[in-house]
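Secondary and tertiary structure notes
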Amino acid sequence: MTSVARATAIYEGVAALAESAMELATRRPSPPWLQRLRTAGVSAFEKLGFPSTHDEDWRFTNLAPLARAAFALSPDAVSLAERTAALELEARLGPLGLSSPMPRIVFVNGRLLRRSPGNLTSGILFECMKAVLATSPERVERALVARAAERDLSKQFFGSLGDAFLDEGVVLQVPPGAHLAEPLFILNVSTPPGSTEPPRMVHTRNLFTFEENSSATVIEIFLGANGPSFANVQTDVTLGRNARLNHVKIQLEGPETFHVGRLSVAHAAGARSASHVFSFGGKLVRNEIVTTLSGEGAGTELYGLFCANSGQHVDCHTFIDHAMPRADSVELYKGVLDGAGRGVFDGKILVRAGAVRTDARQTNRNLILSNSALVDSKPQLEIHNNDVRCSHGSTTGRLDADAVFYLRSRGLSPEAARALLTYAFGSELIEKVASADVRAFLENHLRAWLPANLAAPEIR
Amino acid sequence: MNLLEISNLHASIEEDGTEILKGIDLTICPGEVHALMGPNGSGKSTLAHVLSGRPGYVVTQGRALFQGKDLLAMPAEIRAREGVFLAFQYPVEIPGVSNTYFLRTAVNTVRKHRGQLELDAIDFLALLDEKAKLVEMEEALLNRSVNEGFSGGEKKRNEVLQMAVLDPKLAILDETDSGLDIDALRVAASGVNALRDGARGMLVITHYQRLLDYIIPDFVHVLSDGRIVKSGDKNLAKELEAKGYSWIEKEPPATVSAAAGAIAS
Ligand SMILES: Nc1ncnc2c1ncn2[C@@H]1O[C@H](COP(=O)(O)OP(=O)(O)OP(=O)(O)O)[C@@H](O)[C@H]1O
Ligand SMILES: [Mg+2]
């Protein structure tokens, strides 16, 4: 780490985090490798400090409010109040609610509330991290240690933080050739702390391993009531040859939430992944997707819809690493910004010298609904060979006045016209999700999100 | 009561104040079909836009009454709900909104305004099916996004379909014939004719006699430089086809409204 980076980092709050992590480490009796991983994480994030806006990767997102706030881990036991609040929120999930047949794991404030395996075939591990670490840590040791060692230590403050607080999350291991028809559902609920309790933080560590020719869909939902909270979600996925992952992340936390998430997917030859991110705000949200196409003929599709209103900042950061020949990637991110909402799209595609016959297409489109909303878009294409087909484009604009008039000329009020056009803009990404239940859920949510001055249209 | 009564209507482009309509007088009674012709840029579409409430224009003089009510005071959507329909010269593409959903929303908004019950999905689809047959619109186009990727002719047919479904009292058709091939023109025209019912008024903007062979107008008006310079019956259109506009532009633009009034009464 250079001294310049040191000088520009934010050290507020770091000492308290280190103390909290060390306390957790002493509370969990663990094998030596795990203790080493945690303490290495602590010293790394202590040294790094929170990235500041001088760091190119964080230019548009100021973490000072997060660094300044104080958060505490929840006590190990789930209280009755948390249980009740979580059930209430879960019941509001409509088609994805309690009656859904999907195998599911539910966390409340970072602790396991319930695990229902549904009719998962044997041989598939879909378990919470804490249980795996307690009963069979050897199943995750290699992957966790390897991923920590790969970390770009000059960069990954939140990754190191995740190592330091490594405790809970989901472990998914799909054996060779297994195809899971039903999506796996992971629900993360945050509930407001009691009046005497400090705001809560949750560090989630997910580890998904897909053996060759296997496939599964994973749906992660983050739900939250009001009240400040901090979620740091680190998900590492390894896809074997010709494996397929479909990942959907829906982020619906309360208006005072800080949410930082990173999904990193490594692809073997012929492996394919699709990531769908739906972010409806929180106070400060950062979603990073890092896909490494490290096998020939691998492919990835990255889709994102981010919506922000006043008091919300949503930052989407994607990196696609075309490391091998004949890989393809498609990316479409759309932002809808209203009020004084702020959005960021920072997407980079790197095509390495050996990655011939790369096919990469990246698009970012943003819709601005008010005068004070703002979005920063930074698409980047870095190509190191000539035998490629790459394109990228970014547009930011308002609703098309001609379209608004066209709808009004057929009797729709200006509000209904704007709502319909806004909905149509966002629904393109909902339509890309395979699960009808997830689509129905998202359609409802997008309608509910439409700003109060836009009457929610009845769709279909 | 007159369906539409326009008197001394002047309108300018909001942005730069250029006057486009320079005193229009036109009365349409229930059941009448009026054709509006005139050279490019004479203001035909501007008149259609001003009547339908498109933003970007300022009315500086005159008025337009629709069934005795001040049309120009109504917001665009109220005009539509009251029964004014504009078939656009250039229909707008609306990605992500299905034609069927859009039409159902529109028809129910209009019905609500008129104090009618909203149509449920089944009744609406029955209505849509009936009207789609009228303009020979394939089902695939109904399920696609509004006008997105439609051919020029398909867009125009979609306008006629919307008109049929929304059942307006006054339809303004702005060059609905342009871009149509010969068969499509016949289909669209017969769709329009099916909507002639003795009550509905129509203002048909066109450049070509060809359309008026199918939709036979009660009156023909010629707009030139923002004024109606000549009015007559269907034979006027035939004369124009033969002689061109220069023939009219040479004539003194006298007693235009009187002429139109004389024919109308
Ligand atoms: N928004 C606008 N800004 C500037 N000029 C405009 C605008 N709308 C119309 N005009 C001008 O007003 C005049 C009349 O245009 P309009 O579209 O009404 O003509 P038109 O009679 O419909 O012609 P066409 O037969 O070509 O359709 C034209 O000179 C046109 O350029
Ligand atoms: Mg025109």
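Brief notes about the overall build of chain A
Secondary structure assignment for chain A yields eleven helices and 19 strands. Compactness check: chain A gives a C-alpha radius of gyration of 21 Å against a globular reference of 23 Å for 460 residues, within 12% of the reference. By principal-axis analysis of the C-alpha atoms, chain A measures approximately 70 × 60 × 55 Å. Residue burial in chain A is summarised as follows: out of 460 residues, 58% are buried. Looking at chain A alone, contacts between residues at least 24 apart form 83% of all its contacts between residues at least 6 apart. Here chain A displays about 17,300 Å² of accessible surface, and carbon together with sulfur accounts for 52% of that area. Between the averaged position of the 47 positive side-chain charges in chain A and that of its 48 negative side-chain charges there is a distance of 1 Å.

Things to note about the nonpolar core
Residues and elements named next belong to chain A. Counting residues in hydrophobic clusters, the biggest one holds 119 residues, and the most contacted among them are Ile221 and Phe278. Here the element with the most residues in this core is helix α10 (residues 414-430); it accounts for nine residues. Residue assignment places this core across two domains, with domain 1 (76-399) and domain 2 (400-460) each supplying three or more. Excluding residues within four positions of it along the chain, Phe278 makes contact with Val248, Lys249, Ile250, Gln251, Leu305, Leu429, Ile430, Val433 and Leu442. With 45 residues, the next largest nonpolar core counts Ile105, Cys128, Ile186 and Val277 among its residues.

What to know about the sheet that holds strand β5 (residues 69-70) of chain B
All names here are of chain B. Strand order across the open sheet formed by four strands is β2-β1-β4-β5, with antiparallel pairing between neighbours. Since the sheet does not close on itself, it has two edges, and those belong to β2 (19-28) and β5, each with one partner. Of the strand pairs in this sheet, strand β4 (residues 57-66) and β5 are connected by two bridges, and their pairing is antiparallel. Paired with Phe66 across the bridge in β5 is Lys69. Packed onto the sheet, helix α1 (residues 44-52) meets β1 (4-13), β2 and β4 and runs at close to 105° relative to β1.

What about the confidence of the model for chain B?
Low pLDDT means the predicted atomic positions in that stretch should not be read closely. Residues and elements named next belong to chain B. For chain B, per-residue confidence averages 90 on the pLDDT scale, and residues scoring 70 or more make up 94% of the total. Per-element mean pLDDT across chain B ranges from 42 in helix α11 (residues 256-264) up to 98 in α1. The model gives residues 254-265 a pLDDT under 50, and that stretch makes twelve contacts with residues more than four places away or in other chains.

Quick notes on unusual backbone geometry
Negative phi characterises most residues that are not glycine, and trans characterises most peptide bonds. Unlike most non-glycine residues, A:Asn242 shows phi in positive territory, near 55°. One can find A:Asn242 in the loop between β8 (229-239) and β9 (244-252). Notably, B:Asn147 is not glycine yet its phi reads approximately 65°, a positive angle. According to the relative accessible area criterion, B:Asn147 is buried, its value standing at 0%.

Looking at the packing of aromatic side chains
In this structure the tally under the stated criterion is twelve aromatic pairs over all chains. Pairing A:Phe50 with A:Phe158 gives two aromatic rings, centres 6.1 Å apart and planes at 70°, and the pair type is edge-to-face. Of this pair, A:Phe50 sits in the loop between α3 (32-48) and α4 (64-68) while A:Phe158 sits in helix α8 (residues 157-164), placing them 108 residues apart in sequence. Of the residues examined, A:Phe50 reaches a relative accessible area of 1% and is grouped as buried. Over the ring of A:Phe425 we find A:Lys334, and its NZ or CZ is 4.3 Å from the ring centre. Here the guanidinium or amino end of B:Arg210 rests over the ring plane of B:Tyr208, the centre of that ring lying 5.3 Å away.

So, how was this worked out
Residues numbered from 1 in each chain as written. Chains lettered and ligands numbered in written order. Predicted model: local features only at pLDDT ≥ 70, side-chain atom pairs only at ≥ 80, totals over all residues. Heavy atoms only, no water. Helix = DSSP H or I, 4+ residues; strand = E, 2+ residues; numbered from the N terminus. Rg over C-alpha atoms; globule rule 2.2 N^0.38 Å. Buried < 20%, exposed > 50% of the residue type's maximum accessible area, 1.4 Å probe, protein only. Contact = heavy atoms within 4.5 Å. Areas by Shrake-Rupley, 256 points an atom, 1.4 Å probe, with all protein chains shown as cover. Lys, Arg positive; Asp, Glu negative; His and termini not counted. Charge placed at Lys NZ, Arg CZ, Asp CG, Glu CD. Core = buried A, V, L, I, M, F, W, Y, C linked by side-chain atoms within 4.5 Å. Domains from an automatic or database assignment. Pairing = 2+ DSSP bridges. Axes fitted to C-alpha atoms, helices over the stretch in contact; angles between N-to-C directions. pLDDT = per-residue confidence, 0-100. Phe/Tyr/Trp six-rings, centres within 6.5 Å; stacked < 30°, edge-to-face > 60°. Lys NZ or Arg CZ within 6 Å of the ring centre and 35° of its normal.

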